[in-house]
Amino acid sequence: QVQLVESGGGLVQAGGSLRLSCAVSGSVSTINTMGWYRQAPGKQRELVAVISRSGDMNYAESVKGRFTISRDNAKNTVDLQMNSLAPEDTAVYYCTSDLRKGGSISWFRYWGQGTQVTVSS
């Protein structure tokens, strides 16, 4: 079984920082794009940032200049450094991984269970 386990969420004051981490475990052959999405109460899930295997990054306009995504291909991990947090960043954050399981030729997107980030004003 493939699992994505997130950590690092919590409560922070506006202007503060948090670092989210996500580790992929299980029988994994290849991991392509990894990323972070978020979903605030009453809103649709939205993309925050993605990073390709080669390191190409894309960010939502709302987080550019404040958030930084990074990955470690050897460890199958993806991190999200969040600085200058604002109350509107409050949401459940989910990591994703587009991968092939060992022995499979098909690609699937896996999701973590989500971690709560709450920013107080």
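## Regarding the packing of aromatic side chains
Throughout the structure, instances matching the rule amount to 2 aromatic pairs. With centroids separated by 6.4 Å and ring planes inclined at 75 degrees, the aromatic side chains of Y94 and W111 adopt a geometry described as edge-to-face. On the criterion of sequence distance, the pair formed by Y94 in strand β9 (residues 91-101) and W111 in strand β10 (residues 108-111) is long-range, its members being 17 residues apart. Accessibility expressed as a relative area gives 14% for Y94, which makes it buried. You can call W111 partly exposed: its relative accessible area is 35%. Here the aromatic residues Y37, Y94 and W111 are joined through ring pairs into a cluster of three or more. R45 extends its terminal NZ or CZ atom over the ring of Y94, reaching a point 3.8 Å from the ring centre. The ring of W111 is capped by R45, whose NZ or CZ atom sits 4.8 Å from the centre of that ring.

## Quick look at the state of the cysteines
Applying the stated criterion to the full structure yields 1 disulfide. Here C22 connects covalently by a disulfide to C95, the sulfurs 2.0 Å from one another. Highlighted residues: C22 in strand β3 (residues 18-25) and C95 in strand β9, separated in sequence by 73 residues.

Calculation notes
Residues numbered from 1 in each chain as written. Predicted model: local features only at pLDDT ≥ 70, side-chain atom pairs only at ≥ 80, totals over all residues. Heavy atoms only, no water. Phe/Tyr/Trp six-rings, centres within 6.5 Å; stacked < 30°, edge-to-face > 60°. Helix = DSSP H or I, 4+ residues; strand = E, 2+ residues; numbered from the N terminus. Buried < 20%, exposed > 50% of the residue type's maximum accessible area, 1.4 Å probe, protein only. Lys NZ or Arg CZ within 6 Å of the ring centre and 35° of its normal. Disulfide = S-S within 2.5 Å.

Spatial relationships are all this shows, so hold off on functional conclusions.
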